[in-house]
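# Coordinate analysis (summary)
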Amino acid sequence: GSGKARNYGISKATGEYIAFLDADDSFLDKVALEKMYMFGHKEDANIVCGNLLRIRQDRSIEKGYDPKGARFSYFIQKDILEPVEYGIPWGFYKNIYKRSFLTENGIEFPDLIRGQDPIFLANVLTKVDKIYVMNTNLYGYNHSVSGGVNIKLNTYDKKYAYIQHFKDTLDILIEAGFESPVHEYKKEFINYLKFQDNLEDEDLHEIIPTVFGDINEYFQ
């Protein structure tokens, strides 16, 4: 999984802040990182969040996508928010992180082949006092090559890792008392299970009780 590569990058980084860029994505504005760094450095921020837009394979902006309607993909101005306001811990790559904050808190990506990102960001959000956001278009997410979640979860091991990530993320959020994100992420989990191909998936029927144990501790 990509988590190991990212952890290696964190261990070798020497800068004040760390940014992440997947191979099929792009940074949209050549000065976005500089603007986010200057804001973060001035405020001594552990996390600074920018905007995410969708791009096509030719790196052009995807038309018809409304970032303002997406959850925490777009900010209209500089602001300081409570971490719980971020919601579901998605889109870690549109943020920059103070390197010392990550290393001092032992925050890294889990050794999973799927679902590493929400666990990483959940650990960040539950350990910071506040999040700093600004209206700069940092990240171009290549949605056209991502495919549906079931296309990527095409083996037993990948399904297992994906279910594991739901439990691990929920455990982090529950322990921190992030009630609203917990509720929203439970809904995401249920929606995944309700996909037509998943309703009768024997792998999932075996994996879920193995990972969660007593499912009633998490879901009514």
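Here we summarise the structure given alongside this text.

It is worth spelling out the packing of helix H6 (residues 156–175) against helix H9 (residues 202–212) at this point. A packed helix pair is summarised by two numbers, namely the angle formed by the two axes and the spacing between the axes. For the pair H6 and H9, the least separation of the axes is 10 Å and the interaxial angle reads 35 degrees. With respect to the hand of their crossing, H6 and H9 are arranged in right-handed fashion. Residues Tyr 156, Lys 159, Tyr 160, Ile 163, Gln 164, Phe 166, Lys 167 and Leu 170 of H6 pack against Asp 203, Leu 204, Glu 206, Ile 207, Ile 208, Thr 210, Val 211 and Phe 212 of H9. Across the contact of H6 with H9, the residue classes tally to 10 nonpolar, 2 polar and 4 charged.

With respect to the helices, strands and loops of the structure, Thr 14 is situated in the loop between helix H1 (2–12) and strand E1 (17–18). The class for Thr 14 is exposed, based on a relative accessible area of 71%. Taking the C-alpha atoms as reference points, Thr 14 and Asn 150, separated by 136 residues in sequence, lie 37 Å from one another.

On to the nonpolar core, then. Core analysis: the biggest nonpolar cluster contains 59 residues, and Ile 47, Tyr 97, Leu 102, Phe 120, Val 124, Ile 163 and Phe 212 have the highest contact counts within it. Dropping the residues within four chain positions of it, Phe 120 is found in contact with Phe 20, Phe 92, Tyr 97, Leu 102, Ile 107, Glu 108 and Phe 109.

As a further point, take the packing of aromatic side chains. This model, assessed by the stated rule, comprises 26 aromatic pairs. Ring geometry for Phe 20 versus Phe 120: centroids 5.8 Å apart, planes at 80 degrees, classification edge-to-face. Residue Phe 20 is located in the loop between E1 and strand E2 (26–27), and its partner Phe 120 is located in helix H4 (residues 116–125); the two are separated by 100 residues in the primary sequence. For Phe 20, a relative accessible area of 7% gives the class buried. Ring plane angle 80 degrees and centroid distance 5.8 Å describe the contact between Phe 39 and Tyr 132, whose orientation is recorded as edge-to-face.

Residue placement: Lys 98 occurs in strand E5 (residues 95–98). In contact with Lys 98, other than residues within four places in its own chain, are Glu 16, Tyr 17, Asp 44, Ala 45 and Asn 46.

The subject of this paragraph is H4. Summarising burial for H4: 9 of the 10 residues are buried, a large majority. All of the buried residues in H4 are Gln 116, Pro 118, Ile 119, Phe 120, Leu 121, Ala 122, Asn 123, Val 124 and Leu 125.

What counts, and where the lines are drawn
Residues numbered from 1 in each chain as written. Predicted model: local features only at pLDDT ≥ 70, side-chain atom pairs only at ≥ 80, totals over all residues. Heavy atoms only, no water. Axes fitted to C-alpha atoms, helices over the stretch in contact; angles between N-to-C directions. Helix = DSSP H or I, 4+ residues; strand = E, 2+ residues; numbered from the N terminus. Left-handed = near helix turned anticlockwise from the far one by under 90°. Contact = heavy atoms within 4.5 Å. Nonpolar A, V, L, I, M, F, W, Y, C, P; charged D, E, K, R; others polar. Buried < 20%, exposed > 50% of the residue type's maximum accessible area, 1.4 Å probe, protein only. Core = buried A, V, L, I, M, F, W, Y, C linked by side-chain atoms within 4.5 Å. Phe/Tyr/Trp six-rings, centres within 6.5 Å; stacked < 30°, edge-to-face > 60°.

Remember that the coordinates give geometry; whether it matters functionally is a separate question.
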